[in-house]
Every structure is written in structure tokens, then in C-alpha cells.
There are 2 protein chains.
Amino acid sequence: MEQSFLAWLRGRQRDLPQVDVGIGDDAAVLTPRPGVQTVIASDGIVDGVDFLCDQHSLADIGRKSVAINLSDMAAMGAVPTAILVNLSLPEQAATQTAAGVYEGILAICAEHQLAIAGGDITVYDGPLAISVTILGEVPAGRAWLRSGAVDGDAILVSGAFGGSLLGRHLNFTPRVQAALRLRETVEVHAAMDVSDGLSLDLDRLCAASGVGAELDMDSIPIHDDAQRMAAEQDEPEPPPRHDPVPVFESPMQHALGDGEDFELILAVSQADADRLLSMDIGVPLTQIGHFTGRTGLWMRKKGRLERLSPSGYVHGAAPSANTAQE
Amino acid sequence: MEQSFLAWLRGRQRDLPQVDVGIGDDAAVLTPRPGVQTVIASDGIVDGVDFLCDQHSLADIGRKSVAINLSDMAAMGAVPTAILVNLSLPEQAATQTAAGVYEGILAICAEHQLAIAGGDITVYDGPLAISVTILGEVPAGRAWLRSGAVDGDAILVSGAFGGSLLGRHLNFTPRVQAALRLRETVEVHAAMDVSDGLSLDLDRLCAASGVGAELDMDSIPIHDDAQRMAAEQDEPEPPPRHDPVPVFESPMQHALGDGEDFELILAVSQADADRLLSMDIGVPLTQIGHFTGRTGLWMRKKGRLERLSPSGYVHGAAPSANTAQE
């Protein structure tokens, strides 16, 4: 199957200038442009954890496998250029599964001028698993790291948070275009995408930067999905990546800890934040607080500061709703 | 687990100059050197197909996941620089499994000055699966493709073939050093590593180059393991990647079709071949025939040419011993 499938795939994708040698050799060859650095990330998704084969369309699943990696490029302020895809297929209907998954992969690649430079296919006795590696580029020295936030920086976020399990975790828009517009407009000190939970990921960014965060809780943009999930009282069943035991959570708790929002957290100077908030960069931006010298997460309530425990999804831990352990 | 595991991993590996930003951010950042192209490949292995968790050590399994990718770099004549590792771990003893696999990964990375630039860890209800992406570099325009063999070129191979299932498929030496010495010494027109079977992979190289191959069957280096496997009459049980039904094969059949030898097939001019065969490049080299204008594989027997059907492992096909279908 692999040879004929790769021939099919070669026929389905346009030649893109960023790949000199693509699918069909032992490796792909790319020529880096002068003055750029290579940015590379790799993230996989598996049935039963990140999606459910019996509920989600194969095209949506394929799309998600690429979108989560595009989100990593956005978080670095990088222009994505190419991906490699390793597919592990259950034996039953392997060819149809591969074709279905690739429908979604090809569509999102076409949207983003992203080349498929290689990968492989394995048929095995296990659940559908897709591992994607993404390559991108940034002007040399200009990658947005997690470690650059400084005391006094504004905390900006794109979009709204919580309740992504209702469907957004599959069809979200990775903030690639917004990131490039941000990079043209201001100096971003630090950035990260929210995959595991707004508060947990913000806590990680703070730790990498050696700062803390003071949050204005009323300003946190709570997604309608978080409201709906709280109103339904139960988690949607069966919720991937979450504990099957229903736990009541408020809309705010969903916003702080659900994860898979794939929105950006950004550290910029207050002056740059004010400028951005008066502009249209194609995606809603909200200031939710500022970074401080005092480490940890803090919420301002009636003029007093209270400690906020980060919550979110911890990879490789026994599943439990909103655990804060690292 | 992931955060503490990544912290452990950061502590275990040396800082290598080829990675500017490594594990711990949304993506890794590397600075390409002037005048080089980036070579990138991705290959995964899964329990039950490429190894057997209940028979092979976790360190050997981890080592193999990297070694097969190093072999792809050797096949391109590239210097490997960094890898990204996506681990999918069965729920039971996930942390111990990750640590065991990484023992082998870290050891082979240290041997090859290879940086671990990123990756992720997922715990799921499935078999152990390791997906590795490797980055390397070649002087611009100097990558060895499959498509460069011309009529009259000598066919050289490194090492010997067949019977890798007896253990070599796990602990083979990827021909990275030999490839670099070859590149310094001669002009390699085309190259490929043998993962699926000498005859099947040679047939693919021929197809990519638009040539055929005429083989001197007596010169094909048959590994002792191929002799042992033929002598035992049965396949070792249970043989990964092969049909459980025992099929008698001669040592030559094992050499032509077993695969996972991870030796190099090289196309060089006859003059360069003669030079190489009189030198020591650190690995045995053998000329097994030459490329011809007539497409297909041909074997010379008693002065007559007979067609040879390529045999080997076809990815994603229903398992069957030595099928030639593509």
C-alpha cells in the first residue's frame, strides 16, 4: 500500500518552492533561506486520547493533527513551511482510513501553503495514531520563546477559552496569520499556545520567564462553549483527555483549565498592548492582566490578591479532571 | 509526567551547538549553516510490527527507533544533527517504559553527537510506538538521491544481507560514518538504504533512476544469519513483519528479500568502484553488478540473463512472506 499511496499523495499536492526533494526518497531536502532560523516541532494525536474515531470524521482528525502543530509555529512567531506525517493505522480498513485522514491533512496544508515533505505508514494492531513534525522559519534571533516575559509586561490572549471539547478542539483556527501580523506590528517578548489549559500554560510561561502573573479575572474571555458545558452540568460523554466522572465546573473553571483552546498567550510591553488593543489584527485580543516580579499566579479580587492554582491537562498522568500537578 | 520527564531529559543530554532552543518551548530553533541544505526524514516503529516488547529490551527498541532514521541520513550522504521523538506509551508502567526507551535513545545520540530537540509523550490504550524525526545537513546540491544512477554505473553494497530477524534488525550499525567517508572519496550518483529487502529496494532505486540492474548473483554478500535461518528451516518465532506460516527460503532468498539490513546500495562510476574496492573505508564494500539501460532486475546465470522478481517487505500490505507486489 505505501508505495501506491505515496504516489497518490505526490499527485495530490502541488509543488511548493520550499521543498527541493519531497516524498519518494529516503529523506526530504530543503534549502534554508539566508537570514532565517529553522523552527521545528513534533506532536502526535491518538484515538481515545485526542479524538474518538467513532465520533469524529477522519478528515477532522487529520486536520487536527496538523493544526496543533501549526499552533506551535504560531506560538513561536514562525512561518510554517513543511510537515512530515507518520500514520499508524489499525488493520481494519487501513487504506480507507489513510485516505480519510489525508483529506483533512491536504485541505489544511493547502490553506497554509504547507508542503508534505515525507513520513511513513504503518499498519498495526492498535488505535489510529498520527504523528506530525512541522518545519517553519523565523528571521534569525526573532523566535518568540516562553522565557522572555518581564515584570510589567501586559498579558494578552487571542480568542476565548473553555469548553473546546464541545468540538472546537477539532476545528479551531491555528493563529498563524494573527501571529505574523503581531510580529510585523510589535515586539513580542514571549508567547505560547494554550494546549493544556490557560492557567497551567500561563504558569509554565511564567516559570520559563522567572516572573509571576497578576490576573484581572473579570477580563478573562470565557467562550460560549464553557458556558454551555457548565450549564449542562455534565461533561460531554465520553470526553477525551478528561476524567469520565462528571465534575461540576463553573464557566471560569472551564476557561482556566480545559485546554485545547489553541489560543495564544503573549507578553508585550503595556504600550504595545495598548496599541494592539486599538487595532484590528484579524482575531480578538484581550488583556487579562500583567506579569509581575512576584512568582506564581495571582488573581485580583476586590482589591486583594489571592493565589490561583494552575489547572489543566497533564500529559502522561493518570487521567483526572483539572489536576495542577506537574 | 511529561514536564518532569522533559526536565530529566534536559539534564541527561549535553548542550550541542546545532540546537539554539531545545526541549521545553513550543518548538526547537536551529540555525542552518551557510551553504548547506536541510535533510529531514521521519520513521516510526511499533510493538508487534518492528519489535516485540516481550522479547526485546526497551533500550534496544529505543536505539532502533533512532538507528533506522540515522540510516536514512546515511542513504542521503547527510550529517545527522538532531532528532524529535514522539512516544506513545501503553498505560501500564508508562514512566518505566519511557525511561527504558530513552536509555537506548540517549546512548545512540551520544555516539552520533545527535541532539534531542523535542517531541512529546502520550499515554494511551495501545502498544508502544516510537515516532522519530531526524534532521541533517548536506553541502548544497550534494544530497544522494535515488534517481541519479546511470547506465554503466557499478552497484556497490555495504555489509551483507539476510537473516536480520535473528537480531541484527535491532542492533545494526547505521552506515553514517561510512557514508561520510564515501562522500569525501568519490562522487556517489545514487544511494538508498535497504530496509525492505535488497532486491525490492534496488528495484525502487532503479525505477527512480529510470535504469535496470544486472546482478552477478555469486557476488551478493550473504550474511551468516541468512545461512543460519535457512539451516533452521523455520522462521524464528514469532517473526515481526513476516508471515507466521513457515516458508522455506534459501540463504540467497533471505539475502534478497528479508530486509532490515540497513546497508547501503550505491551507484558510482566503475572507475570509482574500482578505487573504493581497493581501499578501506571502514565497512566491507562489494560490487554486486552494474546498472543497465534495460529496466528491471536481471541476474546473470551461466552467461544468460534471467529476470529476477523483487522480493521484500511491503508496508501497509497484509503481512506475507516476501511479496513482490507494490
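Residues numbered from 1 in each chain as written. Chains lettered and ligands numbered in written order. Predicted model: local features only at pLDDT ≥ 70, side-chain atom pairs only at ≥ 80, totals over all residues. Heavy atoms only, no water.

As a further point, take the relation of the copies chain A and chain B. At an RMSD of 0.0 Å, chain A and chain B line up after a rotation of 180° and a shift of 0.0 Å along the axis. The operation mapping one copy onto its partner corresponds to a two-fold rotation axis. In terms of C-alpha distance to the rotation axis, chain A has Gly126 of chain A as its closest residue, with the C-alpha 2.6 Å off the axis. When the interface residues of chain A are mapped onto chain B, 100% of them are again interface residues, pointing to one common binding face. (Least-squares fit on C-alpha atoms with pLDDT ≥ 70 in both. Contact = heavy atoms within 4.5 Å.)

In many reports, interface size means the accessible area that the parts give up when they come together. All names here are of chain A. Each domain of chain A was delimited in the assignment, giving domain 1 (2–139) and domain 2 (146–307). With 24 residues of domain 1 in contact, the opposing surface of domain 2 contributes 20 residues. When domain 1 packs against domain 2, the two sides together hide about 1800 Å² of surface, and 62% of this comes from carbon and sulfur. Between domain 1 and domain 2 we count 1 salt bridge in total. The residue Glu260 makes a salt bridge to Lys64 at a minimum N-O spacing of 2.9 Å. The interface formed by domain 1 and domain 2 includes 5 residue pairs in polar contact (both at pLDDT 80 or more). Elements supplying a minimum of two residues to the side of domain 1 that touches domain 2: helix H2 (58–76), strand S3 (79–90) and strand S5 (129–139). Residue classes in the side of domain 1 that touches domain 2 are distributed as 13 nonpolar, 5 polar and 6 charged. (Domains from an automatic or database assignment. Buried area = accessible area lost by both parts, 1.4 Å probe. Salt bridge = Lys/Arg side-chain N within 4 Å of Asp/Glu carboxyl O. Polar contact = N/O pair within 3.5 Å; in protein donor to acceptor, adjacent residues only side chain to side chain. Helix = DSSP H or I, 4+ residues; strand = E, 2+ residues; numbered from the N terminus. Nonpolar A, V, L, I, M, F, W, Y, C, P; charged D, E, K, R; others polar.)

What follows covers the sheet that holds strand S12 (residues 304–307) of chain B. All names here are of chain B. Strand order in the open sheet made by the 7 strands is S7-S9-S6-S10-S8-S11-S12, with mixed pairing throughout. Only two strands of the sheet have a single partner each, and these edge strands are strand S7 (190–193) and S12. Along the sheet, successive strands turn relative to each other by an average axial angle of 30°, direction set aside. For strand S6 (residues 154–158) and strand S10 (residues 285–292), the ladder comprises 5 bridges, and the chain directions are antiparallel. Residue pairing for S10: Leu156 is matched across the bridge by Gln287. Strand contacts of helix H2 (residues 58–76): S7 and strand S9 (264–268), with the helix running at about 170° to S7, the strand carrying the most contacts. Strands S6, S7, strand S8 (212–215), S9, S10 and strand S11 (296–301) of the sheet are contacted by helix H6 (residues 198–209), whose axis makes an angle of about 150° with S7. (Pairing = 2+ DSSP bridges. Axes fitted to C-alpha atoms, helices over the stretch in contact; angles between N-to-C directions.)

What follows is about the packing of aromatic side chains. Residues and elements named next belong to chain A. Inspection of every chain in the model, using the stated rule, returns 2 aromatic pairs over all chains. Centroid distance Phe172 to Phe262: 4.2 Å. Interplanar angle 20°. Geometry classified as stacked. Here the residue Phe172 occupies a position in the loop between helix H4 (168–171) and helix H5 (176–185), and Phe262 occupies one in the loop between helix H8 (251–257) and strand S9 (264–268), the gap between them amounting to 90 residues. Sitting above the plane of the Trp298 ring, Arg294 keeps its charged end 4.4 Å from the centroid. (Phe/Tyr/Trp six-rings, centres within 6.5 Å; stacked < 30°, edge-to-face > 60°. Lys NZ or Arg CZ within 6 Å of the ring centre and 35° of its normal.)

With that settled, the discussion passes to the packing of H2 of chain B against helix H3 (residues 94–111) of chain B. Residue and element names in this part refer to chain B. In contact at an axis separation of 7 Å, H2 and H3 are set at 45° when each is read in the N-to-C sense. Accordingly, the angle class assigned to the pair H2 and H3 is oblique. When you trace H2 past H3, the crossing you get is right-handed. Residues Leu58, Ala59, Gly62, Arg63, Ser65, Val66, Ala67 and Leu70 of H2 form the contact with H3, whose own contacting residues are Gln96, Thr97, Gly100, Val101, Glu103, Gly104, Ile105, Ile108 and Glu111. By residue class, the composition of the contact of H2 with H3 is 8 nonpolar, 6 polar and 3 charged. (Parallel < 35°, antiparallel > 145°, perpendicular 65-115°, else oblique. Left-handed = near helix turned anticlockwise from the far one by under 90°.)

This part covers the pairing of S3 of chain A. Within a regular strand, side chains alternate between the sheet's two faces. All names here are of chain A. By the criterion of burial, S3 is predominantly enclosed, with 10 of the 12 residues buried. Pairing analysis gives 9 bridges linking S3 to strand S4 (residues 115–124), with the strands arranged parallel. Considered in S4, the bridge of Asn86 is made with Asp120. (Buried < 20%, exposed > 50% of the residue type's maximum accessible area, 1.4 Å probe, protein only.)

All right, on to the environment of Val21 of chain B then. The topology assignment puts Val21 of chain B in the loop between helix H1 (2–12) and strand S1 (28–30). Residue Val21 of chain B is classed as buried on the basis of its relative accessible area of 17%. Between the C-alpha atom of Val21 of chain B and that of Val194 of chain B, which follows or precedes it by 173 residues, the distance is 34 Å. Other than its neighbours up to four places away in sequence, Val21 of chain B contacts Leu145 of chain A together with Ala27, Ala28 and Val29 of chain B.

The subject of this paragraph is the interface of chain A and chain B. At the interface, 60 residues of chain A touch 60 residues of chain B. Regarding the contact of chain A and chain B, the summed buried area is about 4600 Å², with carbon and sulfur atoms giving 53% of it. Three residues stand out in chain A for area buried against chain B, namely Gln3, Asp26 and Ile40 of chain A, and they jointly supply 15% of the buried area on that side. Summed over the shared surface of chain A and chain B, the number is 4 salt bridges. Residues Asp25 of chain A and Arg146 of chain B are paired through a salt bridge, measuring 3.8 Å at the closest nitrogen-oxygen approach.

All names here are of chain A. Among the residues of helix H7 (residues 224–232), those classed as buried are Asp225, Ala226, Met229 and Ala230. Burial along H7 is one-sided: seen end-on, the buried residues are contained in an arc of 135°. Away from its buried face, by an angle of more than 90 degrees, H7 presents the exposed residues Asp224 and Ala231. Structurally, H7 contributes buried residues whose contacts are with H4 and H8. (Arc of directions from axis to C-beta.)

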